[in-house]
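The primary structure of each chain is shown beneath.
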Amino acid sequence: MSSVYDAVRNRRSCSKVTADTPDRDELLHLIEAAGRVADHSSLHPWRVIEIRGDARLALAQSFAQAEAKKKGTHTKKNTAGVVEGYARKTQRAELLLAVVYSPQSSGKVPDWEQEAVASGVAHALMLLLDDAGWGTIWRTGSYTRAKAVHRAHRLAKTERLLGWLYVGGKPSKEKDGRPRKTVNAEKFLTHL
């Protein structure tokens, strides 16, 4: 296993992954570790939804419904024809992990801080998956705020979708690819 520094520095998104995926036990193990991010008052304002198999088609259907509503063409006839295109998007990986911000009632911890915790869990999970040999990419977009997509994920009224981690095996070309460009730390570290 690599050092934390190496895991963070060498992580890169894999836009294409193979059909291999971690099993549920491995996911539980990695999510348990990701849940150790800094979390003021240990509120755990997040959850992860595992999406495999036909559930990916239900997600595609919700994308089509959201797009039709946005365009003002929301009918069953109109959405049925476009689902196939969205199905290609949702089937780019055999496993999608929806990351959900699930705020908890607190007089001490503001919502923005709780959402930062949920984002931290998503990023930590990506690092852990990458370090375990899995390819990942965090996909977001306007559908994360669409009502049809929220219904498909069975989100509570207060919950918000932060996106999906597409997870699979790393293709050999991505394994051997160039490392991610590092930032010029001098530009981002300032003094007070």
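The structure under discussion appears in the preceding block.
The structure reproduced in this document is the subject of the present report. Worth saying up front: this structure is predicted, and the values here are computed from it rather than measured.

1. Section: the packing of aromatic side chains
Under the definition given, this model contains 4 aromatic pairs. Aromatic side chains phenylalanine 63 and tryptophan 164 sit 5.4 Å apart centroid to centroid with 70 degrees between the ring planes, which places their arrangement in the edge-to-face category. With phenylalanine 63 in helix H3 (residues 55–71) and tryptophan 164 in strand E4 (residues 160–169), this pair connects stretches of sequence that are 101 residues apart. Under the relative-accessibility criterion, tryptophan 164 is labelled buried at 2%. Ring plane angle 80 degrees and centroid distance 6.0 Å describe the contact between tyrosine 86 and tyrosine 143, whose orientation is recorded as edge-to-face. Here the residue tyrosine 86 occupies a position in helix H4 (residues 76–90), and tyrosine 143 occupies one in the loop between strand E3 (134–139) and helix H6 (147–152), the gap between them amounting to 57 residues. Like tyrosine 143, tyrosine 86 is buried. The ring of tyrosine 166 has arginine 139 lying over it, and the distance from NZ or CZ to the ring centre is 5.0 Å.

The rules behind the values
- Residues numbered from 1 in each chain as written.
- Predicted model: local features only at pLDDT ≥ 70, side-chain atom pairs only at ≥ 80, totals over all residues.
- Heavy atoms only, no water.
- Phe/Tyr/Trp six-rings, centres within 6.5 Å; stacked < 30°, edge-to-face > 60°.
- Helix = DSSP H or I, 4+ residues; strand = E, 2+ residues; numbered from the N terminus.
- Buried < 20%, exposed > 50% of the residue type's maximum accessible area, 1.4 Å probe, protein only.
- Lys NZ or Arg CZ within 6 Å of the ring centre and 35° of its normal.

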